[in-house]
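Structural characterization, general
Spelled out from the first residue to the last, the chains are:
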Amino acid sequence: MAKQLSVNYSLNTDCKWIYCNYPEKITKTAFADDSGYCVNRQTVDHTGQIFYSYGTYGLDENCYFGIRVYNPGSSTVTLTRTNYGHSDSTMDGSWAAVPAKSWERFFKSTSKTFSIPAKKSVWISEESIPFNAAFSGNLRFTTTGSVVVAAYFYHTKANIPDSTSIYPYDINGDGKSQYSGYGDGYFLTASEITIKLSDLVNNKEVFFETNSRSNDKFTVNGSSTIDELIPIHIAGTSLVAKRGSNPPLGNIANWSTQYFFPIKLINDIGGTHEVQYSIEFPENTTDPKVQKNVVINCGGTLSSKVLTPTDKVYIVKKTSVSNSASFNYQFIFGTNSSGFVKHVFKLLS
């Protein structure tokens, strides 16, 4: 029988995750130059990361999506955009391509520095968004002082007022199970996971789960009461979306959270053996809407696959082990994914 491992994580809770996914289907009511709304606004003191994911299927014309940063302080602040990746389904051919392409560009991007005078603002990203499209992106930044970060949809940037309010979240309306707000942290680093080959012989396979609402085999920052699934504090409200909440506030799965896993394989059975590492689709379903966008960064090499009910296994790596072998990888559960995944190790020979 397969053996499930427990994972010990550290989460960078001192860094703010600006999570932008509401209203997921954009209408003109959310446009800053029409309504005076931003779709998210958060204060960041040193390091932050922005995730956004939206669709423009209800629009009949192109628009823009941008991030504006305001310096409320009395002296100039320097902001460095260290990584940035954006994709839309028109540009890259399909919605299925967006999760991987946005992260590919994130990892390949170069840094850009912005100087923000006191009581002034700058735009750190601006994208033209086609109508009838889906798009997503991730942006990491550091700042030398406290700044206010806001996300906007608009037609004409010059018509956006200096002061805007946050687009109101309607817990009883359409799209209520998507959220905009913030999480405390966005990067989960696992302690080294050691796997003995004798366990692979005795148990057929060894695995651990990520992005699961039912898994309890983990600790975060040394505690079993801190959740792996990062709660989202919904912008403009006192509401928190988190695991175990009643609908609609339980719809979280760490989409675009970054996981880092150091793996060590120990050969305690002698000889030389080959071990396979794969990401697998664990649910028993035939629903084609249940898909999992898997993005892997292994040693700087990015790879990805969309897992479906008929294509459930993504073989990431095969490793020969004589005494021991180690490798690291970063795992990302891309936007527009459902459910959870298993990280599986098997002995091939």
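Let me begin by describing the structure that accompanies this report. The shown structure was predicted, so the numbers you read here are calculated from the model rather than taken from an experiment.

1. Focus on the overall build of the chain
Across its full length, the chain holds three helices and 27 strands. Computed over C-alpha atoms, the radius of gyration of the chain comes to 21 Å, within 12% of the 20 Å expected from 2.2 N^0.38 for 349 residues, which places it in the range of a compact globule. Judged by the C-alpha coordinates and their principal axes, the chain covers about 70 × 45 × 35 Å. Counting only residues that meet the buried cut, the chain has 53% of its 349 residues in that class. Residue pairs in contact within the chain that sit at least 24 positions apart in sequence constitute 84% of those at least 6 positions apart. Total accessible area computed for the chain in this model is approximately 14,700 Å², and 46% of it derives from carbon and sulfur atoms. Taking the average location of the 31 positive side-chain charges in the chain and that of its 29 negative ones, the two points are 3 Å from each other.

2. With respect to the pattern of salt bridges
Scanning the entire structure with this criterion turns up 13 salt bridges. We note a salt bridge from Glu283 to Lys292, for which the minimum N-O separation is 2.9 Å. Exposure remark for Lys292: the relative accessible area of 0% places this residue in the buried category. Connected through shared salt-bridge partners, Glu205, Glu280, Lys342 and Lys346 make up one network.

3. Examining the sheet that holds strand β10 (residues 121-129)
Whether parallel or antiparallel, the strands of a sheet pair through hydrogen bonds between backbone atoms. Within the open sheet, the four strands sit side by side as β5-β12-β7-β10. Their pairing is antiparallel. The sheet is open, and its two edges are formed by β5 (40-44) and β10, each paired on a single side. For this sheet, the mean angle separating the axes of adjacent strands, direction not counted, is 15 degrees. In terms of strand pairing, strand β7 (residues 63-70) meets strand β12 (residues 147-154) through seven bridges, oriented antiparallel.

4. Examining the environment of Thr308
For Thr308, the position within the fold is in the loop between β24 (301-307) and β25 (313-321). In sequence terms Thr308 and Pro288 are 20 residues apart; their C-alpha atoms lie 6.7 Å from each other. At 3.1 Å, the side chain of Thr308 forms a polar contact with the backbone nitrogen of Asp311.

5. Focus on the nonpolar core
Grouped together as the largest cluster of nonpolar side chains are 84 residues, with contacts concentrated most on Phe65, Phe261 and Phe331. The element that contributes the greatest number of residues to this core is strand β26 (residues 324-333), accounting for five residues. If near-sequence neighbours (up to four positions away) are discounted, Phe261 is found in contact with Val7, Tyr9, Ala190, Ile193, Phe208, Thr210, Phe327, Asn328, Tyr329, Phe331 and His343. Formed by nine residues, the second largest nonpolar core is a distinct cluster that contains Cys38, Tyr154, Ile160 and Ile166.

6. With respect to the sheet that holds strand β17 (residues 205-210)
The strand order across the open sheet built from five strands is β1-β17-β27-β22-β25, with neighbouring strands paired in mixed fashion. This sheet does not close on itself; its edge strands, each paired only once, are β1 (3-4) and β25. One ladder, built from six bridges, connects strand β22 (residues 273-280) with strand β27 (residues 341-347); its direction is antiparallel. Pairing of Ser278 across the sheet is with Val344, part of β27.

Conventions and cut-offs
Residues numbered from 1 in each chain as written. Predicted model: local features only at pLDDT ≥ 70, side-chain atom pairs only at ≥ 80, totals over all residues. Heavy atoms only, no water. Helix = DSSP H or I, 4+ residues; strand = E, 2+ residues; numbered from the N terminus. Rg over C-alpha atoms; globule rule 2.2 N^0.38 Å. Buried < 20%, exposed > 50% of the residue type's maximum accessible area, 1.4 Å probe, protein only. Contact = heavy atoms within 4.5 Å. Areas by Shrake-Rupley, 256 points an atom, 1.4 Å probe, with all protein chains shown as cover. Lys, Arg positive; Asp, Glu negative; His and termini not counted. Charge placed at Lys NZ, Arg CZ, Asp CG, Glu CD. Salt bridge = Lys/Arg side-chain N within 4 Å of Asp/Glu carboxyl O. Pairing = 2+ DSSP bridges. Axes fitted to C-alpha atoms, helices over the stretch in contact; angles between N-to-C directions. Polar contact = N/O pair within 3.5 Å; in protein donor to acceptor, adjacent residues only side chain to side chain. Core = buried A, V, L, I, M, F, W, Y, C linked by side-chain atoms within 4.5 Å.

Don't take any of this as a statement about function, it's just geometry.
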